[in-house]
Amino acid sequence: MLTFNDTEEKTVEKAITALADMIPLEAIQSPESPALVFPGLEIRLHQRRVLKDGEDIYLTRLEYGALCYLAASPGRVFTKAQIFESVWSMESESCQSNVASVICNLRKKIELDSKNPIYIKTVLDIGYKFASGE
């Protein structure tokens, strides 16, 4: 931290004013908030919003966490234990039914037909993966 006496402070203020008049200032545009965008589905990360065909979808904390975790790495297969540990932020012991329940509820909200999902695919005997929806 710099400290100035009264005379020095006035000198610094004059210098700043002179420089401000000489340096053209440009408006800085803030970058777009990161979003994960897929056909018919948009996840706005900084707003914690999910839109399905442009309409807001209400998700619980666990549903949103699972969706973001999977959608951040489309095509990558995650075990139920990996999803549980990431979303619940705790060690997994018997997480199978918890993860399956959250995925089931999530599919009901984001899929056109939860029995034939296009976004969240089951990988038998392993876990789940997020497909791009195409």
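Overview of the structure. Computed from a prediction, not measured in an experiment: that's the story for all the values here.

### As for the pattern of salt bridges
One pass over the structure, following the stated rule, counts 3 salt bridges. Notably, a salt bridge pairs Asp56 with Arg49, separated by 3.0 Å at the nearest N-O pair. The class of Asp56 is partly exposed, set by a relative accessible area of 49%.

### Description of the pairing of strand S3 (residues 49-52)
The sheet contact formed by strand S2 (residues 41-44) and S3 spans 4 bridges and is antiparallel. When the bridges of S3 are listed, Arg44 appears paired with Arg49. Turn length for the S2-S3 hairpin, with the two strands adjacent in sequence and antiparallel, is 4 residues, and the turn residue Arg48 shows positive phi of about 55°. Strand direction decides the pairing type here: S3 and strand S4 (residues 55-57), joined by 3 bridges, are antiparallel. Paired with Leu51 across the two strands is Asp56, which belongs to S4. Once S3 ends, the chain turns through 2 residues before running back antiparallel as S4, passing Asp53 with a positive phi of about 50°.

About the criteria used
- Residues numbered from 1 in each chain as written.
- Predicted model: local features only at pLDDT ≥ 70, side-chain atom pairs only at ≥ 80, totals over all residues.
- Heavy atoms only, no water.
- Salt bridge = Lys/Arg side-chain N within 4 Å of Asp/Glu carboxyl O.
- Buried < 20%, exposed > 50% of the residue type's maximum accessible area, 1.4 Å probe, protein only.
- Pairing = 2+ DSSP bridges.
- Helix = DSSP H or I, 4+ residues; strand = E, 2+ residues; numbered from the N terminus.

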